[in-house]
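Residues per chain, in single letters:
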Amino acid sequence: MTGTLWLVATPIGNLGDISPRAREALESASLVCCEDTRRTGRLLQHLGISAQALAVCNEHTEYRLIHRVVDELSAGHDVAVVSDSGTPGISDPGERLVQAAIETGATVSAIPGACAAISALITSGLPTARFVMEGFLPRRGQERTDRLVDIAAEHRTIVLYEAPHRIARTLSDLAEVCGGDRQVSVSRELTKIHEETIRSTLSNIGIGEPRGEYVIVIAGRLQNEQPVTEDSIRGALHEALASGLSRRDAAAEVSRRLGIPRRQAYDLVIQTAPTDEAETQ
Ligand code: SAM
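Residues numbered from 1 in each chain as written. Predicted model: local features only at pLDDT ≥ 70, side-chain atom pairs only at ≥ 80, totals over all residues. Heavy atoms only, no water.

**Focus on the site of the ligand**
- The full set close to the ligand counts 18 residues, and T87, I90, D92, Y161 and Y214 are the nearest of them.
- Here a nitrogen atom of the ligand sits 3.4 Å away from a polar atom, N or O, in the main chain of S85.
- If the ligand stood free it would expose 580 Å²; the protein chains cover 93% of that surface.
- Contributing elements (two or more residues each) for the shell around the ligand: β7 (157-162) and β10 (214-218).
- Partitioned by chemical class, the residues of the shell around the ligand number nine nonpolar, four polar and five charged. (Near = heavy atom within 4 Å. Polar contact = N/O pair within 3.5 Å; in protein donor to acceptor, adjacent residues only side chain to side chain. Areas by Shrake-Rupley, 256 points an atom, 1.4 Å probe, with all protein chains shown as cover. Helix = DSSP H or I, 4+ residues; strand = E, 2+ residues; numbered from the N terminus. Nonpolar A, V, L, I, M, F, W, Y, C, P; charged D, E, K, R; others polar.)

Structural data, given as structure tokens:
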């Protein structure tokens, strides 16, 4: 008989959110995999329990930990996985251990609890029936641009995690690709004393001095919004050029309005207007 890999949710700020089942799993597992032994140690202390063994599981060590976890499970022992906060595997380590446990034939079971994405989604007031979790956006470059473009085209509600020092930039990038009218809800410090949720549009949202951790929830693109085709991009570029904008400004304006990459708009504007009348005047 193989053991069970328990995926144990821990609080995202309020220690009252730990469940009795989580406590039991952390106490009885032969091994608790955690991101930071000091942080999890403090949680265990708060619960008045101690773990039989702790192992560090982060993006660098998770792969190496697989053998040890598989050995424990194969010997019939239970293993618990926690992250620093919230639900393991959600923008946190855990996924590889789950895959390894499944391959071993072990039982994989969740002990649910706090998850910032779900709390922010259900308090946002935006549609919850269909949503996508985007986690953290890539920080820069083409990968970030591509992801932003995907988000702008997405019809389901979109959930994003963000750090305080990047929240303003991310909201402004989202306004650029999705358009300023899109509804957004920004939650910070969920379950903590200074919990706050601000609901507005992307152009009007004001978050003040960034403090704490944030979740951004954006309304999906409306179903009746026109799909962006090459013809519609050319049409929009034509209008922008006719209004007197330079090729560069026309490309920027159309990229913002239609939620397409600037490069794509710029390549098409060069074909549409081989010479730049605004610049040669
Ligand atoms: N696994 C976690 C979960 O289930 O929510 C998420 C871990 S991810 C590394 C950390 C990010 O989650 C933060 O940067 C923030 O975007 C979000 N987050 C975590 N706790 C939060 C809180 N109390 N309030 C708002 N956002 C939070």
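**Section: the pairing of strand β8 (residues 183-188)**
- Extensive coverage of β8 is indicated by the burial of five of its six residues.
- Relative to strand β9 (residues 196-201), β8 is paired through six bridges, and the arrangement is antiparallel. Across the sheet, residue Q183 finds its bridge partner in β9, namely T201.
- Across five bridges, the pairing between β8 and β10 is antiparallel. Of the residues in β10, the one forming a bridge with S185 is V217. (Buried < 20%, exposed > 50% of the residue type's maximum accessible area, 1.4 Å probe, protein only. Pairing = 2+ DSSP bridges.)

**Considerations on the nonpolar core**
- Formed by 21 residues in total, the largest nonpolar core has its most connected members in L171 and I218.
- Only α6 (141-153), β7, α7 (167-178), β8 and β10 provide two or more residues apiece to this core.
- Of all the elements, α7 adds the most residues to this core, at six residues.
- With near-sequence residues (within four places) excluded, I218 lies in contact with L126, I151, T157, I158, L160, L174, R182, Q183, V184 and L202.
- Ranked by size, the runner-up nonpolar core spans 18 residues in total, among them A55, C57, L65 and V70. (Core = buried A, V, L, I, M, F, W, Y, C linked by side-chain atoms within 4.5 Å. Contact = heavy atoms within 4.5 Å.)

**Some thoughts on the sheet that holds strand β5 (residues 107-111)**
- Reading across the sheet, the five strands line up as β3-β2-β4-β1-β5 and stay open at both edges, with parallel pairing between neighbours. Each edge of the open sheet carries a strand with a single partner, namely β3 (54-56) and β5. Averaged over all pairs of adjacent strands, the angle between their axes in this sheet comes to 25°, without regard to strand direction.
- Inspection of the sheet shows strand β2 (residues 31-34) paired to strand β4 (residues 79-81) by three bridges, in the parallel sense. Note on β4: the bridge partner recorded for L31 is V79.
- In the packing of helix α3 (residues 62-74) onto the sheet, the strands contacted are β1 (4-8), β2, β3 and β4, and the crossing angle to β2 comes to about 150°. (Axes fitted to C-alpha atoms, helices over the stretch in contact; angles between N-to-C directions.)

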